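# Coordinate analysis (summary)
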Amino acid sequence: MSFAQLIEQYVSLGILVLAGGLSVLSFLAWRRERDGRMRIVTLGYAMFAVYGLIVFLEYPLLPYVPYATLELLEHGSAVLILGGLLAFFVALTRD
Amino acid sequence: MSDSDLELDSRRAIYQLIADTPGVHFRALLADLEYAQGTLQYHLRWLADEGLVDVSDDGKYTRYYPAAEFDEADRVVMNALRREYSRRILAHLLSDGPLSTTALSDRLGKAQSTVSWHLSKLADADLVSKERDGRAVVYEVTTPERVRYLYTVHRRSFTDRVVDRILGLWDSY
């Protein structure tokens, strides 16, 4: 695995772990306080975590899934970043 | 409580931690004390069987309380005090009550549905009562002295503190 691929693996793993952890904590906050805003925040962090998971799985799945499919999935999953940012915007502007 | 009940150092350490942090749950005990899970479970069962520790399920965690200090009603109050918004609602009612849902919603800056959910939980625990004041329904604390005391002595777990920080972070925007 090249240096560039290693960086991608480590960064995507970091996104998965950090966003996943924050998503769980936000979910606990929503469950405890029933603040609707925290449910949206949970969704936003979860989208980042799923993006991290998809990018991280690209190389482990390479022997089993066609390269073109994996590339399409990885590039398409960038929409999750957009969705996560939109979710945060809604959470910030919601009363 | 006889001294022999807490003869073993490990049992004493567990009891002391529970006495210092009433309402602490099993994972927090496991994290703070360097005992194996089975050992901790064994000692907790022993302390509960001997009546030194009371066990209370708040629907999410099994929490442990020193038996001598808090009765079941107190534990209900302290479980409610773990919720940030419930705690703030009780603080407002204690200082300026009785207050309506609308007034509490304005003071907390939270949606009325959120405030109503917390008030219903507090009412289920018999911590607040409601009465009609003209066209409005107002809430007040049923036993202010006891709630005030427990508000002072209650402690939050590590998870509660982290969740409170995250709530505070989003509340600040």
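If you're wondering where the values come from, they're calculated on a predicted model, not measured in any experiment. (Residues numbered from 1 in each chain as written. Chains lettered and ligands numbered in written order. Predicted model: local features only at pLDDT ≥ 70, side-chain atom pairs only at ≥ 80, totals over all residues.)

### Looking at the sheet that holds strand 6 (residues 136–141) of chain B
All names here are of chain B. As summarised here, the arrangement of the 3 strands in space is 4-6-5, forming an open sheet in which the pairing is antiparallel. Edge strands, defined here as strands with exactly one partner in the open sheet, are strand 4 (99–100) and strand 5 (128–133). Of the pairings in the sheet, the one linking strand 4 to strand 6 comprises 2 bridges and is antiparallel in character. Among the inter-strand pairings, serine 100 is bridged to a residue of strand 6, identified as valine 138. Sitting on the sheet, helix 5 (residues 84–96) touches strand 4, strand 5 and strand 6, and the angle it makes with strand 6 is about 95°. (Pairing = 2+ DSSP bridges. Helix = DSSP H or I, 4+ residues; strand = E, 2+ residues; numbered from the N terminus. Contact = placed C-beta atoms within 7 Å. Axes fitted to C-alpha atoms, helices over the stretch in contact; angles between N-to-C directions.)

### A few points about the interface of chain B and chain A
Listed per partner, the contact involves 14 residues of chain B and 15 residues of chain A. Counting only elements with at least two residues in the side of chain B that touches chain A, the list comes to helix 5, helix 7 (112–124) and helix 9 (158–171) of chain B. Looking at the side of chain B that touches chain A, the element that brings in the most residues is helix 9 of chain B, giving 6 residues. Classifying every residue of the side of chain B that touches chain A by side-chain character gives 9 nonpolar, 2 polar and 3 charged. (Nonpolar A, V, L, I, M, F, W, Y, C, P; charged D, E, K, R; others polar.)

### Describing the confidence of the model for chain B
Residues and elements named next belong to chain B. Looking at chain B as a whole, the pLDDT averages 81, with 90% of positions reaching at least 70. Mean pLDDT values over the elements of chain B span from 71, in helix 8 (residues 144–153), up to 92, in strand 4. Here the predicted complex scores 0.66 on pTM and 0.75 on ipTM. (pLDDT = per-residue confidence, 0-100.)

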